[in-house]
There are 6 protein chains.
Amino acid sequence: MTVPPLPRLMFEDQVRAALLEDLGRGGDITTDAIIPPTEQAKTALVARKPGVVAGLDVALLAFALIDPAIKVQVERPDGSRLAKGDTIATIAGPVRGILTAERVALNFLGHLSGVASATRVVVDAVAGTKARIICTRKTIPGMRNLQKYAIRVGGGFNHRFGLDDAVLIKDNHIAAAGGIKPAVERARAAIGHLVKIEIEVDTIAQLEEVLAVGADAIVLDNMTVDQMREAVARVAGRVPLEASGGIRLDDLAAVAATGVDYVAMGQLTHSARAVDVSLKLQPLG
Amino acid sequence: MTVPPLPRLMFEDQVRAALLEDLGRGGDITTDAIIPPTEQAKTALVARKPGVVAGLDVALLAFALIDPAIKVQVERPDGSRLAKGDTIATIAGPVRGILTAERVALNFLGHLSGVASATRVVVDAVAGTKARIICTRKTIPGMRNLQKYAIRVGGGFNHRFGLDDAVLIKDNHIAAAGGIKPAVERARAAIGHLVKIEIEVDTIAQLEEVLAVGADAIVLDNMTVDQMREAVARVAGRVPLEASGGIRLDDLAAVAATGVDYVAMGQLTHSARAVDVSLKLQPLG
Amino acid sequence: MTVPPLPRLMFEDQVRAALLEDLGRGGDITTDAIIPPTEQAKTALVARKPGVVAGLDVALLAFALIDPAIKVQVERPDGSRLAKGDTIATIAGPVRGILTAERVALNFLGHLSGVASATRVVVDAVAGTKARIICTRKTIPGMRNLQKYAIRVGGGFNHRFGLDDAVLIKDNHIAAAGGIKPAVERARAAIGHLVKIEIEVDTIAQLEEVLAVGADAIVLDNMTVDQMREAVARVAGRVPLEASGGIRLDDLAAVAATGVDYVAMGQLTHSARAVDVSLKLQPLG
Amino acid sequence: MTVPPLPRLMFEDQVRAALLEDLGRGGDITTDAIIPPTEQAKTALVARKPGVVAGLDVALLAFALIDPAIKVQVERPDGSRLAKGDTIATIAGPVRGILTAERVALNFLGHLSGVASATRVVVDAVAGTKARIICTRKTIPGMRNLQKYAIRVGGGFNHRFGLDDAVLIKDNHIAAAGGIKPAVERARAAIGHLVKIEIEVDTIAQLEEVLAVGADAIVLDNMTVDQMREAVARVAGRVPLEASGGIRLDDLAAVAATGVDYVAMGQLTHSARAVDVSLKLQPLG
Amino acid sequence: MTVPPLPRLMFEDQVRAALLEDLGRGGDITTDAIIPPTEQAKTALVARKPGVVAGLDVALLAFALIDPAIKVQVERPDGSRLAKGDTIATIAGPVRGILTAERVALNFLGHLSGVASATRVVVDAVAGTKARIICTRKTIPGMRNLQKYAIRVGGGFNHRFGLDDAVLIKDNHIAAAGGIKPAVERARAAIGHLVKIEIEVDTIAQLEEVLAVGADAIVLDNMTVDQMREAVARVAGRVPLEASGGIRLDDLAAVAATGVDYVAMGQLTHSARAVDVSLKLQPLG
Amino acid sequence: MTVPPLPRLMFEDQVRAALLEDLGRGGDITTDAIIPPTEQAKTALVARKPGVVAGLDVALLAFALIDPAIKVQVERPDGSRLAKGDTIATIAGPVRGILTAERVALNFLGHLSGVASATRVVVDAVAGTKARIICTRKTIPGMRNLQKYAIRVGGGFNHRFGLDDAVLIKDNHIAAAGGIKPAVERARAAIGHLVKIEIEVDTIAQLEEVLAVGADAIVLDNMTVDQMREAVARVAGRVPLEASGGIRLDDLAAVAATGVDYVAMGQLTHSARAVDVSLKLQPLG
């Protein structure tokens, strides 16, 4: 299924801010000084490395905001797998505007495609198991909505968008409440009925406590693969299980093979490597 | 020398926005439901991996903005090298506020320390040469000021902050102007006298052209180490030379040994890996 | 249980904006012209009608933002039931600032207390049943976070904060998907595991369809009391049931008696009547 | 006369903010998951209860901001009286966008039409007298400009927009100045010549004081109908008189019959009930 | 009388924006590089030319926002007349912060004092007549609230703050309405009773028309001194008269001597010359 | 050469803010009351005084933002020299929108053309010498980007855009560093290689110190013409020299004749006189 695009309203402010961050108080002084206003060109966004496209609408908006005369055409929309040399979109219009918007467009496209590409790798690594890859709240400040979107584009699923859309009870909460049971009871007493409650456990003993009191999902935090396997056996499908805690690509197959339902990977958003995309101009007669 | 801190004014809006991004419309529903308002704790930000601290003031501001009753103490300020287990700062006060601000604080600290740590590694790798490590405009949208700061904390130097603070003439500009000479002349005619002009060259022939017309700095773009060495020899110290274009850590020593003055590395900002920092609570009486 | 307060960060921008909306470009020209800067007074926020306090911190912030020399003391915090004549808070300091901030403070306090008071009335009306009163997304634009908070203060519970924190499948979605089953399946395939799925049904036949495919909650939309009773019987506690659709105070007891788990009332937020609060000055020697 | 529309610039930011408040960080996850992007429909905004339309442009902007492909047609513009079942506007285009924008559009339309409808009722109740209905500064924070507009649409008139566009001397000002005369003199000495001075009086004695010193308008605050009648007689048309202070619909005819020029009603804005408007979809082949 | 200060809330956003405009993305790179963080100094804002102080609180806020450790003391508050060499305020604290905030502080102080000083000159020039000097809406975009304040500080009075706080009927309105009478009638039918109506006339004939229909004030637009004198005679005190239209300092005495009540001077705000203020540091042991 | 226009993105927020500053909470109550919505007119922006156009795109955007039905045509673009009576642009469309946007459009156009005109005068005054006229950071808060642009339009050149795009070492920095040499060395150690270093000197002795240590530019601060001439002789073209410090139009020829490369004039931005532009309507059938 194609991932639904975000409405432009949800990222337009970010693109404007990024352009202003780059333009500063003086604008693109190099291009303004050298490129005549009448100069036209066509150009293309081309992948220098393999990856998965994400954030193309966001990137292309940078051109439109700088000069509405720039025309863009999408060749490989979000979610497309890229081989080296693939054209992602073509761009045509005044050279000044294209060069001025270029870096901001590439910064969005490279970063978000990086998130989607990293996600795609780990999603593919667990293909054939029932495990879904999920993200975390370990995001770059100011980029959460877009990073969460890129996770979906890469085939992953979103965990909480923020502190207010699900209850996640961690060790500090349990300690303060005096145990798992009172913590869950306090949460149930306070929240609306459309809010799920997830609890993080470190041990099988804690897992049993959670099963006794009930929860909508359980995080197996920093468990070994053996512990996870035992957890899966004990839960026997009654509650979704989420593996979490520094899981590396190398561990992924083993973790997924334990039968957990979800694997959380913070590095997809906090440590994504950008996809390298180039923009090369071809002058137009 | 210690890197001068940024005035709080330069990052306060970003911390506010990041907190609101996480709080959403409902706030920290887990903590609010479970933690009593009177609960106090002390805690510490502790490094789980080695690295270099950057953005500690930014991170700590998150706690102050959520609850001014939270007291923080800096143990290892920006620029400190961290061993695993090192305490970066201690934090004490109402548990609710600490837990609510935690993720945003860690997201800033982890990311910016990641940038600084990656910078430190490459700076150390060229120690003993005259090469300085510099960053690029390949930054995460909305984070440029802080990423540039983290580069300095890691021992690197900043390239342009944006499109308006120096002229950087690239291939597309040269093509549109009809050559290096007219491109430089147009720039000189337009800009103020406190703006430097740098030109990107691909070949030794182009380098000679630049030397003929004059420039404040020259980028050697995607050159081989041999080409760089020749460029250094020909320039003979008349103009600073900057090596650029996908230089990896493995290549760095060889590049630096050519005698170039600067090495530009986009990956320090566009693909930084976060430093893993934990926050563990200790309940207070 | 006391409802946890919102962090000031979550409403400070709204109070600033409301003050600026009132101050315009010239400020409080009446007070500035007539009241000497040295004039001091103490005053109190006093209830002119019974009700429930909500938004007191929000209201009091208006005074602090206009003049930090104004001192406030809370007498009846959020959640307190007010009799006519009760003092909610006392305020002392420069008269100019008190008068300038007064209207904005009262506008927040009156409106949010109005929401909480209306909620309290309906919550009390269903006391003794298991029904919880919940709000909707029918809020005044720009006030959702505060209105949702006031609902909690009044003893109600929150439904969704926005479009992104739970799935709510309505008639239009069902029609577009070609039935309840495909609609639910599409949702399950797309969303994260911490997101609940609620479905709105008009008939008992639809209810059975939902039970067959499974859901986290069911809205009984515009059903008669008899239909609700039948729905409760058929569901037999397997899924939480929410009564919705123009339910008036007069109907409430009958609706709650059917055994539904939740009653949604949009009028608590879209049509709340303000609580009348006065501020009277007592000059200080 | 038709009330002039507000320029879009005056409310666009509010509509954007309201949409973002509803979209949160994830957007309309229900619609995105279930409705195919190609699905088209036509629909209509239909009154479920009688009332007066206000804010239709504001509401319709929500659709345009979410998806410019949505086409709208106004059937009953602002100021139209609605019978139950009347179509206010028709909407056609992609279903996704229509459903995503629906709630925000209805929240604006319902609230502002509620203000206009309540105003129309009281304006009609004083028809045949010379009394004009006016609003106050008791508005919902952030909505003043739109509420003031809805008052005009309902046939009412605006009192001050804020603290800076007229002088309104109340009891606290009089007390601080040491009397009505010095209060008025201070105001006259400070303000520009395009600013009117209105004074609030509680008694006939105070009224005489005001007449002696002069004012542009007088508020009769919390007076009985008999007092108002006497005030009208004494003033004899020299100064406009404004009745104010908790005047209810039941009292209105009697108040208007006293001959006062204006009747101020805070409840029109601080306690308006929303008009119930529905949006029903008709799928398009 | 001292002009009441603006609440900080009314200018804080402007000071923040001005500082960020100057700091850009990198901050004060000169000061950060050269001045040690421990360096302390005291300094003073000293007038290099005579003038009238205005905007001192605004200017001093720049220091506080950059570094709260900077202490300021007001020596000559807003409204003070300055001789060359007079100290306006003293400042003490970390040198870094003082130097970083200096230019923004001086820009506000110089500009607003310039407005106040120009106002003071013309106010003094009409001393002894009844004419009051008033400003216009010809302000620098974004500075209206502060410029209007500076006008008051200089002894002038404010005309409209914006388009919404008084009716000003000009030639284009009269032409579109088909005459002065219908224009006034339309305005009266639409506006609230606290809004004044002023009409601009070019000729004595138009003046008579206005007197016949009534208005709260009349602008004599581009009239000769003789025409003004005749207008004053005809109006005989019934309506305030405002002289407007390119009146220069040289004309002022003659204009004021005609007996007009107000003289409008756009140049006070659109063409003010800054007052030259210096900041000299004295290092502290 | 034509000065490149700023992208609309760089000033759109300022135009929106200026319009909202003027519209306030009620909009253009005069025009709304009097002008029928169907009324159309054509009009023109006409120079009342000679000058140089700058900011025309900015001004015209005000009309488009108020009503997109207003059509504009540029007759004399930015940089054109105006004689009295020249038409700058023609405007046609709904009268309401034209009148509502008029003042904001004229405020931008008048101010920015004022800056450009003042610049043109001084640029022409040094024609035939090698001296370039430059601006300073003495700008009106919030207008720096536009004022710097107007300087370029007038034939001048920009000095620093802000504190972060070049090093400018002044007396306070030199004092704190303990001399010119350590100050320059600290700066060189900290900054990137695309940042120039300029130093301000008061005496020939200091000039020699700077020459010894090296710098990219030197400010001759408050020197006499004789001192400047000596400085030019000593420097002999090795470093660009900038004359600065209260240089008046009368002094300009003599200063330029000394052979300095740049003359800095703060008054171009801090004390510019607006160009007087009128807008007169011609009703359309």
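Everything below is about the structure shown above.
Residues numbered from 1 in each chain as written. Chains lettered and ligands numbered in written order. Predicted model: local features only at pLDDT ≥ 70, side-chain atom pairs only at ≥ 80, totals over all residues. Heavy atoms only, no water.

### A closer look at the relation of the copies chain E and chain F
Superposing chain E onto chain F takes a rotation of 180° plus a shift of 0.0 Å along the axis, which leaves an RMSD of 0.0 Å. Taken together, the rotation and translation relating the two chain copies correspond to the operation of a two-fold axis. Looking at chain E, 98% of its interface residues are interface residues in chain F too, so the copies touch through the same face. (Least-squares fit on C-alpha atoms with pLDDT ≥ 70 in both. Contact = heavy atoms within 4.5 Å.)

### Quick word on empty space enclosed by the protein
One pass over the structure, following the stated rule, counts 15 cavities of 30 Å³ or more. Of the voids in this model, the largest cavity is the one considered here, and its volume is about 160 Å³. As for the largest cavity, its lining consists of 13 residues, and the residues nearest its centre are C:Arg137, C:Lys170, C:His173, D:Leu99 and D:Glu102. Looking at the lining of the largest cavity, the elements that each hand over two or more residues are helix H6 (171–177) of chain C together with helix H2 (29–34) and helix H4 (95–125) of chain D. (1 Å grid on protein atoms, 1.4 Å probe; cavity = no way out; pocket = protein on both sides within 12 Å on 5 of 7 lines; lining within 4 Å. Points joined across faces, edges and corners; volume = space filled by probe spheres on them. Helix = DSSP H or I, 4+ residues; strand = E, 2+ residues; numbered from the N terminus.)

### Here's the deal with the relation of the copies chain E and chain D
With an RMSD of 0.0 Å, the operation that places chain E on chain D is a rotation of 180° combined with a shift of 0.0 Å along the axis. Mapped onto chain D, 100% of the interface residues of chain E again fall at the interface, so both copies present the same surface.

### Things to note about unusual backbone geometry
Even without a glycine there, the phi angle at A:Ala236 is positive, about 50°. Summarising the element assignment, A:Ala236 is placed in the loop between helix H9 (225–235) and strand S10 (241–244). The class of A:Ala236 is exposed, set by a relative accessible area of 58%. Despite not being glycine, B:Asn222 has its phi angle at roughly 55°, a positive value. Within the secondary structure layout, B:Asn222 lies in the loop between strand S9 (217–221) and helix H9 (225–235). A relative accessible area of 53% places B:Asn222 in the exposed class. (Buried < 20%, exposed > 50% of the residue type's maximum accessible area, 1.4 Å probe, protein only.)

### Some thoughts on the pattern of salt bridges
With the rule as written, the count across this model stands at 102 salt bridges over all chains. Across the salt bridge formed by C:Arg144 and D:Asp22, the nearest N and O atoms sit 2.5 Å from each other. A residue pair is termed interchain when its members come from two chains, as with C:Arg144 in helix H5 (residues 144–153) and D:Asp22 in helix H1 (residues 12–23). For F:Glu185, the salt bridge is made with F:Lys181, and the minimal N-O distance between the two is 3.0 Å. Taken as a pair, F:Glu185 and F:Lys181 lie in helix H7 (residues 180–190) at a separation of 4 residues, close to a single helical turn. For F:Glu185, a relative accessible area of 40% corresponds to the partly exposed category. Judged by relative accessible area, which is 49%, F:Lys181 ranks as partly exposed. Salt bridges sharing partners connect three or more residues here, namely A:Arg8, A:Glu12, A:Arg16, D:Arg8, D:Glu12, D:Arg16, F:Arg8, F:Glu12 and F:Arg16. (Salt bridge = Lys/Arg side-chain N within 4 Å of Asp/Glu carboxyl O.)

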